[in-house]
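Analysis of the macromolecular model
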Amino acid sequence: MNDNKIPYKIYLSEDEIPKQWYNVRADMKNKPAPLLNPATLKPMTAEELGAVFCDELIKQELDDNTKWIDIPDDILSFYKMYRPSPLVRAYCLEEKLKTPAKIYYKFEGNNTSGSHKLNSAIAQAYYAKKQGLKGVTTETGAGQWGTALSMACAYLGLDCLVYMVKVSYEQKPFRREVMRTYGATVTPSPSDTTEVGRKILAEFPGTTGSLGCAISEAVEAEATREGYKYVLGSVLNQVLLHQTIIGLETHTALKKYDIKPDIIIGCAGGGSNLGGLISPFMGEKLRGEADYRIIAVEPASCPSFTRGKFAYDFCDTGKICPLAKMYTLGSQFIPSPNHAGGLRFHGMSPILSQLYHDGLMEAVAVEQTSVFEAATTFARVEGILPAPESSHAIRVAIDEALKCKETGEEKTIVFGLTGTGYFDMVAYQKYNDGAMSDYIPTDAEIEKGFAGLPAQP
Ligand SMILES: *Cc1c(COP(=O)(O)O)cnc(C)c1O
């Protein structure tokens, strides 16, 4: 163990924290397709987006060409409260697996929100504050994004209205209370506080909600309130941009010890952590400077990359948001009720979708019992109790390390450990009780989702 000079945890010093975000779109030959106005099917203009989003964030959303974007000082100061995050050599996991592979993970769970989402929450809240707004509205599924945004808003003195998917609101009361402790107003979605919520409730009485539905409600809540804008925790180009802090720190840390990764792995929900982690490496790949295997891991019960269509689709159930071109299962797709592992959004980041379409990265879908098995193995040897979402990446990192054991190859594997799982103990309980099952949607179910896709421009 500890056979070379590489420390257990590679920390950067404060002044090694990146001062700019990296915009991978600048290096992409095939740019991600623009967001379209669902009524006109024309690209959304900055002015149209201004009805929903903050001005500076719209600039970032539409900017396909500026390679480096300065991180404002106030955001850097906030980052310093919990960054840099460690890049950890998983010596104990390697030993447990008896693999010649070298495994590293970038751990983003060292803050109260328990995930990487704070990296973009603080940026989005900062630009809202700078624009003189009173507050922001958003949705949250499992609760990590809502928590991160509540923390950022509390820090900056902004009001924060969160629509939380009803099933999570009820099953994760502690998440909800963390948000309220940070001053947010949390409403279970669908609710009767918005027109779209009332419509969905009338159409599907007893529904436990979905992310797409909560997005519709949060957007309506923004549109009907003076001084508020809507913010989103994943999928959008701007969110991937903010999350590049993860990849840039990882890149610097690896360089510091002259480590060259062979495989980079991340879980993919809407694609923000994965996009952030891989961006600097993808940039090298796009510029022909280096090559890496890059693997997105998604749940077999919500397989947007591996079984979805690359098409324009709505980001929300209520069909009030712009159309995004992405790998999608259809905006009406809802994972089966036994799905406990998060990553349940029907679509995928347009940037990652384009990169995947162009063959620059791979994707695998894994079943949830095997994800929790990997989570448990990891927790027992590495100490950290991983979020179910993050554990998708652990699963494939372990699988790749086991392949190395067979072939004797000493590959270097880096994966993103996006967060901790303390609020997911109901899911862990199910696994521990042997009561967790897997569900893979049938082709007919997937086709049903596609039937809801809008006419393609
Ligand atoms: C939200 C979340 C994810 C998935 O979101 P992405 O936008 O795909 O990164 C993964 N892990 C954790 C811990 C999360 O909170």
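Relevant structure appears above.
The present account deals with the structure reproduced in this document. The structure displayed is predicted, hence computed values, not measured ones. (Residues numbered from 1 in each chain as written. Predicted model: local features only at pLDDT ≥ 70, side-chain atom pairs only at ≥ 80, totals over all residues. Heavy atoms only, no water.)

Among the eight residues in helix 14 (residues 350-357), six count as buried, and that is most of the element. Taken together, the buried residues of helix 14 touch helix 11 (237-256), helix 12 (272-286), helix 13 (304-307), strand 12 (309-314) and strand 13 (323-328). Near the N-terminus of helix 14, the side chain that reaches the backbone nitrogen of Ile351, with its oxygen 3.2 Å away, is that of Ser349. Immediately downstream of helix 14, the backbone of Gly359 shows phi near 75°, a positive value. (Buried < 20%, exposed > 50% of the residue type's maximum accessible area, 1.4 Å probe, protein only. Helix = DSSP H or I, 4+ residues; strand = E, 2+ residues; numbered from the N terminus. Contact = heavy atoms within 4.5 Å. Polar contact = N/O pair within 3.5 Å; in protein donor to acceptor, adjacent residues only side chain to side chain.)

Reading across the sheet, the four strands line up as 8-7-6-9 and stay open at both edges, with parallel pairing between neighbours. With partners counted over all chains shown, the strands left at the sheet margins are strand 8 (185-189) and strand 9 (228-230), one partner each. Between one strand axis and the next, the sheet turns through 25° on average, direction left out of account. In terms of strand pairing, strand 7 (residues 159-165) meets strand 8 through five bridges, oriented parallel. Bridge pairing in strand 8 places Met164 opposite Pro188. Most of the contacts of helix 8 (residues 173-181) go to strand 7, to which it runs at about 170°, and overall it touches strand 6 (135-140), strand 7 and strand 8. Relative to the sheet, helix 10 (residues 211-223) contacts strand 6, strand 7, strand 8 and strand 9, its axis offset from that of strand 6 by approximately 165°. (Pairing = 2+ DSSP bridges. Axes fitted to C-alpha atoms, helices over the stretch in contact; angles between N-to-C directions.)

Enumeration according to the criterion identifies zero disulfides in this entry. The thiol of Cys92 is not disulfide-bonded; the next cysteine sulfur, from Cys404, is found 18 Å away. Cysteine Cys302 is unpaired, with the sulfur of Cys267 as its nearest cysteine sulfur at 13 Å. A relative accessible area of 1% means that Cys302 is categorised as buried. (Disulfide = S-S within 2.5 Å.)

This paragraph deals with the layout of surface pockets. The volume enclosed by the second largest pocket comes to roughly 450 Å³. As for the second largest pocket, its lining consists of 20 residues, of which Gln332, Phe333, Ile334, Pro335 and Lys448 are closest to the centre. Tallying contributions element by element places helix 18 (residues 443-451) first for the lining of the second largest pocket, with three residues. The residue makeup of the lining of the second largest pocket, split by class, is eight nonpolar, ten polar and two charged. (1 Å grid on protein atoms, 1.4 Å probe; cavity = no way out; pocket = protein on both sides within 12 Å on 5 of 7 lines; lining within 4 Å. Points joined across faces, edges and corners; volume = space filled by probe spheres on them. Nonpolar A, V, L, I, M, F, W, Y, C, P; charged D, E, K, R; others polar.)

Before going further, it helps to examine the packing of aromatic side chains. By the definition in use, this model includes 17 aromatic pairs. Here Tyr105 and Phe378 contribute two aromatic rings whose centre-to-centre distance is 5.1 Å and whose plane-to-plane angle is 75°, an arrangement assigned as edge-to-face. Taken together, the residues span a long stretch of sequence, with Tyr105 in strand 5 (residues 102-107) and Phe378 in helix 15 (residues 368-382) at a distance of 273 residues. Given the relative accessible area of 0%, Phe378 is considered buried. Between Phe310 and Tyr327, the ring centres sit 4.9 Å apart and the planes meet at 15°, which makes this aromatic pair stacked. Of this pair, Phe310 sits in strand 12 while Tyr327 sits in strand 13, placing them 17 residues apart in sequence. Cluster of aromatic residues (ring-pair linked, three or more members): Phe78, Tyr79, Tyr82 and Tyr155. Over the aromatic face of Tyr169 sits the side chain of Arg176, whose NZ or CZ is 4.6 Å from the ring centroid. (Phe/Tyr/Trp six-rings, centres within 6.5 Å; stacked < 30°, edge-to-face > 60°. Lys NZ or Arg CZ within 6 Å of the ring centre and 35° of its normal.)

Paired through backbone hydrogen bonds, the strands of a sheet run either parallel or antiparallel to each other. Strand order in the open sheet formed by seven strands is 1-4-5-15-10-11-14, and the pairing between neighbours is mixed. Taken across any chain shown, the strands that pair with only one partner, and hence form the sheet edges, are strand 1 (9-10) and strand 14 (362-366). Examined bridge by bridge, strand 1 and strand 4 (residues 87-89) share two bridges and lie antiparallel to one another. Bridged to Ile10 within strand 4 is Leu87. In the packing of helix 15 onto the sheet, the strands contacted are strand 4, strand 5, strand 14 and strand 15 (412-417), and the crossing angle to strand 14 comes to about 95°.

As a further point, take the side chain of Lys117. On the secondary structure map, Lys117 appears in the loop between strand 5 and helix 5 (118-130). Here Lys117 occupies a buried position and makes no salt bridge, while the nearest side chain of opposite charge, Glu389, is found at 6.0 Å. (Lys, Arg positive; Asp, Glu negative; His and termini not counted. Salt bridge = Lys/Arg side-chain N within 4 Å of Asp/Glu carboxyl O.)

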